[in-house]
Amino acid sequence: MKPDLTKISSVIFDLGGVIIDLDMDATYKAFADLSDLTFEEVKELAAKEDFFLKYEVGEIDDPTFRAHLREHLEFTGEDGHLDAAWNAMLGKIDKDKLERIEQMAQKYKLFVMSNTNEIHIRFFNRLVNHISPNKPFHKYFTEVYLSQEVGERKPNPGAWQVILNDHQLSPETCLFIDDKLENIEAAEKLGIVGYQNVSPRDWLELFA
């Protein structure tokens, strides 16, 4: 359902499944290809092992994250192969999305709140640089918040509270766009207006 934008003055974007296409299965398959595990075993590993979450909130660094992957996948190859498999979930960024965001900045304060990590962000920024060589990603927004930097991840309330506090925003004036229903529901409990982005390009229709 299309939200009422009448009182909205700030928009908070997720990254994966909203600004960049996301395919988790591609990473599960890539990890399976590096190991003797099946696709389903890798998927189960990702769901139960807490080092993935610890990495997203900055509790462990890149080498420690890779060490955990090596242990569970029994992989002895180069770091680059692990990073490539981890980044396999990240798809394309449509240039017209950045153009739309640039237009929106004339009317709204724009933010990003993403559950992400250093390996993904380095890859993401390279993708953005290909389609926007003269304007880095963070310049499109009032501020970009990444879980690994702020130590909070969605759906924990602190993931949004830091934005509300830093910029003295009233929740009811904020629209949050995310592909995961649990994150939308958590934001709405804070009074933020939520919009679940079922397909990567759905949100563009809100600001056509």
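Now for a description of the structure that goes with this document. (Residues numbered from 1 in each chain as written. Predicted model: local features only at pLDDT ≥ 70, side-chain atom pairs only at ≥ 80, totals over all residues. Heavy atoms only, no water.)

## Observations regarding the side chain of Ser147
Formally: A run of H or I in DSSP counts as a helix once it spans at least four residues, and a run of E counts as a strand once it spans at least two, with each numbered from the N terminus. Only protein chains enter the area calculation, which uses a 1.4 Å probe; residues under 20% of their type maximum are buried, those over 50% are exposed, and those in between are partly exposed. As used in this structure description, the phrase polar contact means that two N or O atoms lie within 3.5 Å; if the pair is within protein, one of them must be able to donate a hydrogen and the other to accept it, and residues adjacent in sequence are counted only when both atoms belong to side chains. Every residue pair with non-hydrogen atoms within 4.5 Å of one another is taken to be in contact.
By the secondary structure assignment, Ser147 is in helix α8 (residues 147-150). We classify Ser147 as buried; its relative accessible area is 0%. Reaching out from Ser147, the side chain makes a polar contact with the backbone oxygen of Glu56 at a distance of 2.6 Å. Setting aside residues up to four positions removed in sequence, Ser147 forms contacts with Glu56, Val57, Met113, Ser114, Asn115, Thr116, Glu152 and Arg153.

## A few points about the layout of surface pockets
Definition in use: The distinction between a cavity and a pocket rests on a 1 Å grid over the protein atoms alone: a 1.4 Å probe fits inside a cavity but cannot get out, while a pocket stays open yet meets protein on both sides within 12 Å along at least five of seven lines, and a residue with an atom within 4 Å of a point counts as lining. Grid points are joined across faces, edges and corners, and a volume is the space filled by probe spheres set on the points. All residues other than Ala, Val, Leu, Ile, Met, Phe, Trp, Tyr, Cys, Pro, Asp, Glu, Lys and Arg, Gly among them, are scored as polar; the first ten of these are nonpolar and the last four charged.
Here the largest pocket is characterised by a volume of approximately 740 Å³. Together, 37 residues line the largest pocket, and Met24, Glu56, Asn115, Arg153 and Lys180 are the ones closest to its centre. The element contributing the most residues to the lining of the largest pocket is helix α2 (residues 39-48), with six residues. Grouping the constituent residues of the lining of the largest pocket by class yields 18 nonpolar, eight polar and eleven charged.

## Here we look at the nonpolar core
Threshold: Buried Ala, Val, Leu, Ile, Met, Phe, Trp, Tyr and Cys residues that are joined via side-chain atoms within 4.5 Å together make up what is termed a nonpolar core.
Ranked by size, the top nonpolar core spans 49 residues in total, and within it Val11, Phe13, Ile19, Trp203 and Phe207 carry the most contacts. Core analysis: the next-biggest nonpolar cluster, separate from the first, contains 15 residues, Ile12, Tyr145, Ile184 and Ile192 among them.

## Remarks on the packing of aromatic side chains
Here is the rule: Here a pair means two rings of Phe, Tyr or Trp (six-membered ring of Trp) with centres within 6.5 Å. Their orientation is stacked below 30 degrees between planes, edge-to-face above 60, and tilted elsewhere.
Evaluation of the coordinates by the stated rule reveals 14 aromatic pairs. Taken together, a centroid distance of 6.3 Å and an interplanar angle of 15° make the contact between Phe31 and Trp86 stacked. Here Phe31 is found in helix α1 (residues 24-34), whereas its partner Trp86 is found in helix α5 (residues 79-87), with 55 residues between them in sequence. Take Phe31 and Trp86: they sit in the same class, and that class is buried. Ring plane angle 35° and centroid distance 5.8 Å describe the contact between Phe52 and Trp86, whose orientation is recorded as tilted. With Phe52 in helix α3 (residues 51-56) and Trp86 in helix α5, this residue pair connects regions lying 34 residues apart in the sequence. By relative accessible area, Phe52 is classed as buried at 10%. On the accessibility criterion, Trp86 (8% relative accessible area) is buried. Each residue in the set Phe31, Phe51, Phe52, Tyr55, Phe65 and Trp86 is aromatic and connected to the rest through ring pairs, giving one cluster.

These figures come from the coordinates and say nothing about function on their own.
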